[in-house]
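# Results of the structural survey
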Amino acid sequence: MESGGDIVLISGKCPSQWSATLNSTPRELVIFGLGPLSELAWYLFTHDSSYRVVAFTVDEGYQTVSSFHGLPVLKVTALLDRFPPGSVLLSVPLGWREMNGLRAAKAAELKTFGYQFATYISSRSLVWPDLEIGENSMVHDGVIIQPFASVGRNCNIRAGAMISHHVRIGDDCFIAARAVIAGYARVGERCVIGLNSTIREGRILGRRCFLGAGAVLISDAEEGGVYIGVPARRRPGTVEDLESVR
Amino acid sequence: MNVVIFGLGEIASLAWHAFTHDSAHRVVAFTVDRRYIVEKELHGCPVLPFDSLKASLPQDGFGIYVALGWKRMNALRAEVLERARAMHYPVLSHISSRANVWSDLVFGENCLIHQGVSVGPFTHIEDNCLIFGGANIGHHARIQANCYVAGRAMVSGGVVVGRGSVLGANYTITDGVRIAPSTFIGAGTVITFDTLPNRVYTAPGARLRKVLADRMPRTR
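A quick note: this is a predicted structure, and the numbers were derived from the prediction, not measured.

### Some remarks on the pattern of salt bridges
All chains considered together, the criterion is met by 18 salt bridges over all chains. The partner of Lys 106 of chain A in a salt bridge is Asp 59 of chain A, and the shortest N-O contact between them spans 2.7 Å. In this pair, Lys 106 of chain A is assigned in helix α4 (residues 101-112) and Asp 59 of chain A in the loop between β3 (52-58) and β4 (67-68), connecting sequence segments 47 residues apart. Of the residues examined, Lys 106 of chain A reaches a relative accessible area of 10% and is grouped as buried. The exposure class assigned to Asp 59 of chain A is partly exposed, which follows from its relative accessible area of 21%. A salt bridge links Lys 106 of chain A to Glu 109 of chain A; the shortest N-O distance between them is 2.8 Å. Taken as a pair, Lys 106 of chain A and Glu 109 of chain A lie in helix α4 at a separation of three residues, close to a single helical turn. Look at the salt bridges and you will find they share partners, linking Glu 82, Arg 85, Glu 109 and Asp 127 of chain B into a network.

### Considering the pairing of strand β1 (residues 2-6) of chain B
The element β1 of chain B is extensively covered by neighbouring structure, given that four of its five residues are classed as buried. What joins β1 of chain B to strand β2 (residues 26-32) of chain B is helix α1 (residues 10-21) of chain B, and the crossover it makes is right-handed.

### With respect to the confidence of the model for chain A
When pLDDT is averaged across chain A, the result is 89; 88% of the residues are at 70 or more. Note that residues 1-24 of chain A has pLDDT below 50 and, in this model, 52 contacts with residues that lie over four places away or in other chains.

### Some words on the sheet that holds strand β11 (residues 144-145) of chain A
Residues and elements named next belong to chain A. Reading across from one edge, β11-β14-β17-β20-β23 is the order of the five strands in this open sheet, with parallel pairing throughout. Single-partner strands in this sheet number two, and they are β11 and β23 (216-217). Both strand β20 (residues 198-199) and β23 contribute to a ladder of two bridges, which runs parallel. Among the inter-strand pairings, Ile 199 is bridged to a residue of β23, identified as Leu 217.

The rules behind the values
- Residues numbered from 1 in each chain as written.
- Chains lettered and ligands numbered in written order.
- Predicted model: local features only at pLDDT ≥ 70, side-chain atom pairs only at ≥ 80, totals over all residues.
- Heavy atoms only, no water.
- Salt bridge = Lys/Arg side-chain N within 4 Å of Asp/Glu carboxyl O.
- Helix = DSSP H or I, 4+ residues; strand = E, 2+ residues; numbered from the N terminus.
- Buried < 20%, exposed > 50% of the residue type's maximum accessible area, 1.4 Å probe, protein only.
- Right-handed = clockwise from strand over helix to strand, strands pointing away.
- pLDDT = per-residue confidence, 0-100.
- Contact = heavy atoms within 4.5 Å.
- Pairing = 2+ DSSP bridges.

Structure follows, in structure tokens:
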């Protein structure tokens, strides 16, 4: 597990030329955080990209260990010394805490230092070479993104999700595994789209909407609304009232 | 390696198909308890009584796969597996070449992972788990022994699925939930909380609407 040298993809359909192109610039990479999603990002960048992960970085007060998977764990201040902007790319693979606010804020803060970010496209996803996708986004295995769809920056699109043609995903969204977003729907910034949920074609979601796991959204969704159930209905209150989001 | 499949049902046929067309193994026989033998052959392979398997086949060079479903909350499959182990035959597992798994996946004996299944890194699948097509097992999840995961089921990151559970088709478990041992989750159910052992959870079924299909307002 530590060396990872002989770990290979076991899959009938290995790297498509499209994702190989997208992942082809060899650069060194530093991953923000030590949680499960950061560990997952380390694994995916290590075994399924041309990037080489060289360190983890954390905020002051979160440096619980000095190394992780054999790599140094550096406070951001130390990162600036050891891997200054321009020498590495960063990945901030945090989850949807604070309606993606944590990930958005952290990426924005690191950007002010001059860092740029890597985007990960799984070799086992189905995407097209002209896909528009922003920096620090991740597209996991089994994801399908059809032509004329676009994805903003800092988005996390989890395994098996389906983004249909002409769909627009705003910045800082979290699309959970196996969500289905049908043609020309528009998802506003910082939305959380739940596991295995469905959005019908052409629906418009405002900023910071929360669509629960398994929900089927057949109407538009208002900014800050929490939508659950089949068909999805707006719950009283806003995402601020969701305990799990805080 | 030569394989003997325990069972004669659809799940045994699926296992035969997977081993025959998608592995380096060769199925040489089916086996069941003597009283269940009706036909002498299945898919061109002899059907042998389990109690005389040792006599019928030389012990070296054979492995067993127990291809049973979730009868008695997977207990039947677990019991037969124990009997097979008592016969000292190696027990095989199979992962479809069309499943998305990583080469360091930790999985036990008598597991069968069908095509289109996606398994994330840092996942552990214990002995005797049957995972059907298109299921998704998230990163850092743990599927304990003797589980049955139906097609397109969705286990997300960090979930622990207790021993002997049955997870229905296209059901969804959200992050970090604990599924107690012997939980039964019906098709299409969404589980966002920890479950109780030996309990059944189901989703509301489809409703028959009053409107006729050809009178439905156009949605676009």
